[in-house]
Number of protein chains: 4
Amino acid sequence: MVHHFEPTRYYTNMGTHEPVLRVKDGDTVVTSTVDARGKDRTDTPVTPPGNPQTGPFHVDGAEPGDTLAVHLDMLTPNRRFGWTRPLVAPNVLDPDYVRETAGEIDSRDDLCRWEVDPDHRTVTLVEPDDTRLGRLALPMAPMTGCFGVAPDKGQAISTATSASHGGNMDYRGFVEGVTAYFPVFASGALFHIGDGHAVQGDGEIVGTGVEISFDVQFTFRVLKGKRSAWPRGENAEYLFTAGNARPLDQCVQHATTEMLRWLQADYGLDPRAAHTLLGQCVEYDMGNVFDPAYTMVCKIRKDLLRGLGIDTRSVHDELAGT
Amino acid sequence: MVHHFEPTRYYTNMGTHEPVLRVKDGDTVVTSTVDARGKDRTDTPVTPPGNPQTGPFHVDGAEPGDTLAVHLDMLTPNRRFGWTRPLVAPNVLDPDYVRETAGEIDSRDDLCRWEVDPDHRTVTLVEPDDTRLGRLALPMAPMTGCFGVAPDKGQAISTATSASHGGNMDYRGFVEGVTAYFPVFASGALFHIGDGHAVQGDGEIVGTGVEISFDVQFTFRVLKGKRSAWPRGENAEYLFTAGNARPLDQCVQHATTEMLRWLQADYGLDPRAAHTLLGQCVEYDMGNVFDPAYTMVCKIRKDLLRGLGIDTRSVHDELAGT
Amino acid sequence: MVHHFEPTRYYTNMGTHEPVLRVKDGDTVVTSTVDARGKDRTDTPVTPPGNPQTGPFHVDGAEPGDTLAVHLDMLTPNRRFGWTRPLVAPNVLDPDYVRETAGEIDSRDDLCRWEVDPDHRTVTLVEPDDTRLGRLALPMAPMTGCFGVAPDKGQAISTATSASHGGNMDYRGFVEGVTAYFPVFASGALFHIGDGHAVQGDGEIVGTGVEISFDVQFTFRVLKGKRSAWPRGENAEYLFTAGNARPLDQCVQHATTEMLRWLQADYGLDPRAAHTLLGQCVEYDMGNVFDPAYTMVCKIRKDLLRGLGIDTRSVHDELAGT
Amino acid sequence: MVHHFEPTRYYTNMGTHEPVLRVKDGDTVVTSTVDARGKDRTDTPVTPPGNPQTGPFHVDGAEPGDTLAVHLDMLTPNRRFGWTRPLVAPNVLDPDYVRETAGEIDSRDDLCRWEVDPDHRTVTLVEPDDTRLGRLALPMAPMTGCFGVAPDKGQAISTATSASHGGNMDYRGFVEGVTAYFPVFASGALFHIGDGHAVQGDGEIVGTGVEISFDVQFTFRVLKGKRSAWPRGENAEYLFTAGNARPLDQCVQHATTEMLRWLQADYGLDPRAAHTLLGQCVEYDMGNVFDPAYTMVCKIRKDLLRGLGIDTRSVHDELAGT
């Protein structure tokens, strides 16, 4: 079943809030998200800033100990401009450099404005236009910066950060066509989504991508009894796991451990096979290094598993229609 | 001038050792490296283990404050097998998982043996062959795990680790065709190279790639008066900088700061342009997360700069013959 | 006014829960806390485990932007035994050592039992009694491991961890006679307290102190318009600030920054004076290194300030009756 | 035998340099050290800056695998003034605070000058005298910031940093009367010492203590066959171990692991006893958080061991004459 949902309220933390909609396993939701400052498709501020989330959506049958699969059917900017912060965050730079250059660089934190053209799939810097970048034009690459489920222990965790329930991971790989998997900690899973970026560099090192409101569509599947500990994802080429923490070293630990568990539990690898395969074939992507918790993503190519005669077809293939 | 050099001694630290050869700016060296355990192309142990380095090569005219460009003309395994460690290092895994699984996984630290076929460019697991991987075959992707120059302050730094002089970065991007740039700290730069891998996953998380001896060729250029603080690199598509430290967060700081400096000093970007460009376009690769110092690489596409009308031709293009 | 409060429900996260009691600025509460596993003075499990908190207490007049002072009038174990975990947590040990010794050490995670004698102020190991420690007897040093206020942004944060609102800091310095200061993020501040330890080593490196139920008494004062960003504390000798995060480096940053702000805002030090004073006189204590967020405490002796002619009398002196 | 040694050359890295003096097991050396900038007792610059070291001293019979005991018989400032840096290092502060305050605080990095009176054991700020500190007077507490032995693998490591061989730990606990223990990595151990501080805050957070030249006396003992992995120390009250790395979390891991090993190897504790004892009784001190490698110190009171009937007398007691 497809639900067309028009949000009227938003949350800036993910928790066990009253669901805005109850859907069934297999259902699809078509809705929209506001930008990180709470402005909608018409640039109207409809809610306070701070990565406001559309949702939570209660998925019937999802219970603690299950995993919720969410296929990102569609992620599309629904207005013609977005904005970015102009300066690389000081936590991403050498501390001495921050102190030395604080006077040299323009300390204005004026936002930059970007024109977004979904038809031609371009994102063009329009303000300021007096830097050496002029009107830099980039290919549009829409992604969701912040999404996830209600966290464990009845917590409500700010959408400024992330943890095992997902949240503000700001990972460029969460794009249309991906299936994300979240551990279910609360009855109904309570899925939230927001913080769309028309494009973003690795790490979200200026603290933003090109922040913009989105039209979104996603489809749920409850994986009963499937245990997971951290967000996972799948696309046509890769399985991946996301670790959210600080320092990045701990993100690597979480993501790598989760991948070892996944390969053994679902793909039949013995421990030595899993360790050796990762040793020579693993890839890592860096999610955000701006938020309180950072993000690292651990990836393995599915064709490597298929080359071992392992059937990699999964709920992702069903949801992706592949 | 091309020098054919046959190494007879090796160092397991990078320092201001007596040069094995003195070459001129523009010269090329054709030589070989032993594997991480000190074994040569015939599997003969010719020097103690620990990433033994061929060199150091003294490049005339390179003085502290300059930058040494080294084009990796050729990196080729010169024997038919390599080896890996079998287990993901415990520092890459959740501490609780390490304690819980220490008994479950086979704690043997027997090396795995891989057959390397440079003609067909394949790397095939042959021992053990009783894991679920069977005889896993991977495409060959030769890289140097450890290379660099004499460090600052007259130090001699173990080839187990890395710092601003390069060293054991174990970054998959240091492949044939790349130009690496190192800050010069000692007269003659004193270039060292070793630790070839036929293939390696990101992070070198089992503590090795497929370790093997190499035939190598490289060409030097001294960039007089060009200041740099960390290893840099360039290939057809990217400029990149490497930060070596712990935690990974500090690697990100070093590499990002170095990239900001480079874009401003050599490519004419004003600070705001450099910050904004990185914000939406930067990419990061993870080098090693095994060695005492970890490595992160900060990258920017050169076509983005060319799109701004910036001439990106450099010594790399000369050396690469492009 | 003194309130005698008998708790009937407990929370394992700190959030904007319905207050269990509303008190006024200056009021005192006499109540009790259960141990980390939810057992009370009679060893009866009265609530699920996980550092259950007594409270929250709503302090009239405390509003976001204020600081809540809480004087710990009394912290006393109210039963005759406590328990500890037996093994140093793996995150506190070298990863290689964890893997190497996982088989050697007894992997049982049986709790140790300690006899607590509040009259003689001793804490004595009684189970197991077959280690080289025999019946090790330690001086009792009661402290609260976990206390604080409702966090910012409407969050509800697990009592397994800590942040700017306080929480599970497991710092040995939060003892009877201390005044703790918390930034107020929610109307009424919403103070929680629990997780008493009869004694504890620095760092809480086995994941527990001697866990026990407490009788507690504390007195509130609202400091209107006094801004703070992190938990602070004061005793007869010291001012101190607590930073909660990972890695410990970031805890040091938070705590030191907070101390610089405090010395300048409340004690009239110019920036240079504050920096120079800390440079030669600062002290740091390590709070927990077990929980998701670690804790470091930055301290400065008050007699140093008095030596400069600065009046250090504060609400602490009033509450401490000194 | 007592050697009176007048240094004429200094090293700014610790390595396998030609010894300046060869001494025997049990010998005592009386000598002097210059300050961190290479100035001697008369304020004459006699060597370049960078924590220049007196030594190395070759101790006959010390071989790799042994431990070198060095009793600090005497550490005394030998001139009347020292200097400090004025600003807390940016790596010790919140990155946002560094950027925000870079303009507010006086960015001059002028050194502060302190008058040192060894007779009255006071250290008094004399320049600048226009801050709120006026002429702040502190008790003298002399310590060595940087000392150690030649590192492993033939390395030469800058005296700006530290590792398993010791080095620039800047720990306030290395005072007169302490016995320090270093793992021996090179024949003769090759002991270096320098970087005296008349006083210093924890962490050396401004990058200096009160830097000054010293008269020093120390006595060596070779502990044949005694394995150690990190610097250790002993005073009348405590055994302690130092871990040097980044982040601080890793320092904690090194120091705690080393203490567990020490308690089991030398004091007969079974693993459970060692873990449980540390759990409730361990103390940590923070060494430097300024240098490339940070330092944490793990401590245990010797009277706790004596309370178990363990004989804690050691070479320290002989050297200390207690």
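Above this text sits the structure in question.
Now for a quick tour of the structure. In this text, all values refer to a predicted model and were calculated from it rather than measured experimentally.

The next subject is the interface of chain A and chain C. Counting residues at the interface gives 13 residues for chain A and 13 residues for chain C. Buried surface at the junction of chain A and chain C, both sides included, amounts to about 990 Å², of which 42% is carbon and sulfur. When residues of chain A are sorted by the area they lose upon contact with chain C, K153(A), Q155(A) and R246(A) head the list and together hold 38% of the total. In this assembly, chain A and chain C are joined by zero salt bridges. Taken together, the links from chain A to chain C amount to nine residue pairs in polar contact (both at pLDDT 80 or more). Per-class residue counts for the side of chain A that touches chain C are four nonpolar, six polar and three charged.

Turning our attention to the interface of chain B and chain A. The interface is formed by 68 residues belonging to chain B together with 68 residues belonging to chain A. For the pair chain B and chain A, the summed buried area comes to about 5800 Å², and 60% of that belongs to carbon and sulfur atoms. The largest contributions to the chain B side of the interface with chain A come from R132(B), R272(B) and Q280(B), which together make up 16% of the buried area. On the surface where chain B and chain A come into contact, there are zero salt bridges. Along the contact surface separating chain B from chain A lie 28 residue pairs in polar contact (both at pLDDT 80 or more). Counting residues per element, the ones that place at least two in the side of chain B that touches chain A are α1 (95-101), β8 (112-117), α2 (248-267), α3 (271-281), β21 (283-286) and β22 (294-301) of chain B. When its residues are assigned to classes, the side of chain B that touches chain A shows 36 nonpolar, 18 polar and 14 charged.

It is worth spelling out the relation of the copies chain A and chain C at this point. Mapping chain A onto chain C calls for a rotation angle of 180° and an axial translation of 0.0 Å; the resulting RMSD is 0.0 Å. Accordingly, the operation relating the two chain copies is best matched by a two-fold axis. Across chain A, the rotation axis passes nearest the C-alpha of A156(A), at a separation of 2.3 Å.

Let us look at the sheet that holds strand β7 (residues 81-84) of chain D. Reading across from one edge, β7-β8-β9-β10 (chain D) is the order of the four strands in this open sheet, with antiparallel pairing throughout. Only two strands of the sheet have a single partner each, and these edge strands are β7 and β10 (137-139) of chain D. The sheet shows a mean angle of 30° between the axes of neighbouring strands, direction not considered. Alignment of strand β9 (residues 122-127) of chain D against β10(D), held across three bridges, turns out to be antiparallel. Bridging from a neighbouring strand, T124(D) pairs with A137(D) of β10(D). Along the sheet, helix α3 (residues 271-281) of chain C makes contact with β7, β8 (112-117) and β10 of chain D, crossing β8(D) at roughly 40°.

A few words now on the packing of aromatic side chains. With the rule as written, the count across this model stands at 56 aromatic pairs over all chains. An angle of 85° between the planes, with centres 6.1 Å apart, marks the rings of F147(A) and F191(A) as edge-to-face. Note that F147(A) is positioned in strand β11 (residues 143-148) and F191(A) in strand β16 (residues 191-197), a separation of 44 residues in sequence. Each of the two residues, F147(A) as well as F191(A), counts as buried. On the basis of an interplanar angle of 80° and a centroid distance of 5.3 Å, the ring pair of F191(C) and F220(C) is categorised as edge-to-face. In this pair, F191(C) is assigned in strand β16 (residues 191-197) and F220(C) in strand β17 (residues 214-223), connecting sequence segments 29 residues apart. You'll find F191(C) and F220(C) in the same group, each marked buried. In this structure, R79(B) packs its charged tip against the face of F81(B), placed 4.5 Å from the ring centre. Above the ring of Y238(C), the side-chain terminus of K299(C) is found at 4.2 Å from the ring centroid.

The rules behind these values
Residues numbered from 1 in each chain as written. Chains lettered and ligands numbered in written order. Predicted model: local features only at pLDDT ≥ 70, side-chain atom pairs only at ≥ 80, totals over all residues. Heavy atoms only, no water. Contact = heavy atoms within 4.5 Å. Buried area = accessible area lost by both parts, 1.4 Å probe. Salt bridge = Lys/Arg side-chain N within 4 Å of Asp/Glu carboxyl O. Polar contact = N/O pair within 3.5 Å; in protein donor to acceptor, adjacent residues only side chain to side chain. Nonpolar A, V, L, I, M, F, W, Y, C, P; charged D, E, K, R; others polar. Helix = DSSP H or I, 4+ residues; strand = E, 2+ residues; numbered from the N terminus. Least-squares fit on C-alpha atoms with pLDDT ≥ 70 in both. Pairing = 2+ DSSP bridges. Axes fitted to C-alpha atoms, helices over the stretch in contact; angles between N-to-C directions. Phe/Tyr/Trp six-rings, centres within 6.5 Å; stacked < 30°, edge-to-face > 60°. Buried < 20%, exposed > 50% of the residue type's maximum accessible area, 1.4 Å probe, protein only. Lys NZ or Arg CZ within 6 Å of the ring centre and 35° of its normal.

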